[in-house]
Amino acid sequence: MKLLQIDSSITGGDSISRSLTAAIVAKLVAADPAATVTKRDLAAAPLPHLELAAYPGGESEAALASTAVLEEFLDADIVVIGAPMYNFTFPSQLKAWLDRVIVAGRTFRHGPNGVEGLIPGKRVIIAVSRGNFYGPGAVGDGLEHLQTLLAGVFGFIGVTPDFIVAEGVRAGPDHLAAALATANQAITRLAA
Ligand SMILES: Cc1cc2nc3c(=O)[nH]c(=O)nc-3n(C[C@H](O)[C@H](O)[C@H](O)COP(=O)(O)O)c2cc1C
C-alpha cells in the first residue's frame, strides 16, 4: 500500500492539522506495516502559483515538475491531506497542489454525459482544523469555504473524501480539548 501525506499548515510544531495527519498515517501504517509513506510538505517546499507554462503535460521544466506532483497523487493508494483553515478556506499552498492534480484528461474529462471524474476508488482522508464554529447560527455560518470546497473539488474527480474535523480550536481551552478529542475518536474509527 502506498500512502501519500500532504501537509500545508504554516504553524510548524503547533499545527493541529499536522498532528491529525500524523495520527491518521500512524493508524494506517499500524494496520499495514508494509505500507510506504511519501510526505509532501507544502509549507516547507511550496509549489509556485500555477502558470500556463507549468501546466501538467507540457515539456518545460516547470511542467515536468507539475506532472511529477500529479503522478505522485495518481500513484498513491491513500492520500492523507492536512487542511488548516486560513481566512475561511485552505492555504494557497494547498491550492497550488490542487492546481497540479485537477487536470483535464488525467483526473476528469468532459464525456458524452458531461464531466466525469476519472479517479474513482482512491481513498482520500482530509484532516481539517479551524479556529471557529461554522454550523447554522454560529459565528462562521456561511463562511465555511474549506471543507465544502475540498468535498466539491474531490467529488469532481470521482473521490469522496473522509473528513476528520477539529472545529473551534481557537475558541478557548475547553473547546480545543473537545475538538481534539472528537477528531482523535474519529481517527480511531477510521477503517484500516
Ligand atoms: C493565518 C491564519 C488565518 C486563520 N484564519 C481562520 C479563519 O478564517 N477561520 C477560522 O475558523 N480559523 C482561522 N484560523 C485559525 C486556524 O484555523 C486554526 O488555528 C487551525 O488550527 C489552523 O490549523 P493548523 O493548526 O494546522 O495550522 C487562522 C489561523 C491563522 C494562522
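Cut-offs and rules
- Residues numbered from 1 in each chain as written.
- Predicted model: local features only at pLDDT ≥ 70, side-chain atom pairs only at ≥ 80, totals over all residues.
- Heavy atoms only, no water.
- Phe/Tyr/Trp six-rings, centres within 6.5 Å; stacked < 30°, edge-to-face > 60°.
- Helix = DSSP H or I, 4+ residues; strand = E, 2+ residues; numbered from the N terminus.
- Buried < 20%, exposed > 50% of the residue type's maximum accessible area, 1.4 Å probe, protein only.
- Lys NZ or Arg CZ within 6 Å of the ring centre and 35° of its normal.
- Pairing = 2+ DSSP bridges.
- Axes fitted to C-alpha atoms, helices over the stretch in contact; angles between N-to-C directions.
- Arc of directions from axis to C-beta.
- Contact = heavy atoms within 4.5 Å.
- Salt bridge = Lys/Arg side-chain N within 4 Å of Asp/Glu carboxyl O.
- Right-handed = clockwise from strand over helix to strand, strands pointing away.
- UniProt positions renumbered as here; feature names shortened; annotations may be inferred.
- Polar contact = N/O pair within 3.5 Å; in protein donor to acceptor, adjacent residues only side chain to side chain.

(A) Focus on the packing of aromatic side chains. In total, this model carries two aromatic pairs according to the counting rule given. Both rings, one in F73 and one in W97, keep their centres 5.7 Å apart while their planes meet at 85°; by these two values the pair is edge-to-face. Pair noted here: F73 is in helix 2 (residues 61-75) and W97 is in helix 3 (residues 92-101), with a separation of 24 residues, a long-range link. Each of the two residues, F73 as well as W97, counts as buried. In this structure, K122 is placed above the aromatic ring of F73, and the distance from its NZ or CZ to the ring centre is 5.1 Å.

(B) Inspection of the sheet that holds strand 2 (residues 36-41) at higher detail. Across the sheet, five strands lie side by side as 2-1-3-6-7; this open sheet has parallel pairing. Two strands in the sheet have a free side with no partner beyond their single neighbour: strand 2 and strand 7 (162-167). When the angles between neighbouring strand axes are averaged without regard to direction, this sheet yields 15°. As paired strands, strand 1 (residues 2-7) and strand 2 are joined by six bridges and run parallel to one another.

(C) Just helix 4 (residues 147-156), in detail. Within the sequence span of helix 4, burial applies to L150, V153 and F154. Taken down its axis, helix 4 places every buried residue within 90° of arc, on the same side. Taken together, the buried residues of helix 4 touch helix 2, strand 3 (78-84), helix 3, strand 6 (123-130) and strand 7.

(D) View of the environment of I81. Relative to the helices and strands, I81 resides in strand 3. Once the C-alpha coordinates of I81 and P161 are considered, the two residues, 80 residues apart in sequence, prove to be 9.9 Å apart. Sequence-distant contacts of I81, defined by excluding residues within four places in its chain, comprise I6, T21, L94, W97, V124, I125, I126, A127 and F154.

(E) Main features of the pattern of salt bridges. Under the defined criterion, the tally for this structure stands at eight salt bridges. Between R18 and D41 there is a salt bridge, with its nearest N and O atoms 2.9 Å apart. Residue R18 is located in helix 1 (residues 16-31), and its partner D41 is located in strand 2; the two are separated by 23 residues in the primary sequence. A relative accessible area of 28% means that D41 is categorised as partly exposed.

(F) Broad picture of the pairing of strand 1. Of all six residues making up strand 1, five are buried, and the element is well covered by its neighbours. What joins strand 1 to strand 2 is helix 1, and the crossover it makes is right-handed. Alignment of strand 1 against strand 3, held across four bridges, turns out to be parallel. Counterpart to L4 in the pairing with strand 3 is V79.

(G) Broad picture of the UniProt feature "binding site: FMN" (unreviewed entry) in the chain. Mapped onto this structure's residue numbering, the UniProt feature "binding site: FMN" (unreviewed entry) falls at S9, S15, I16, S17, M85, Y86, N87 and F88. Here S9 lies in the loop between strand 1 and helix 1. Residue S9 is classed as buried on the basis of its relative accessible area, which comes to 2%. Within the structure, the side chain of S9 is placed 3.1 Å from the side chain of S15, a separation counted as a polar contact. Assignment of secondary structure puts S15 in the loop between strand 1 and helix 1. On the accessibility criterion, S15 (6% relative accessible area) is buried.

(H) Summary view of the side chain of T21. Among the structural elements, T21 can be located in helix 1. By relative accessible area, T21 is classed as buried at 0%. Within the structure, T21 has its side chain in polar contact with the backbone oxygen of R18 (distance 3.0 Å). With residues near it in sequence (within four places) discarded, T21 still touches Q5, I6, D7, V80, I81, G82 and A127.

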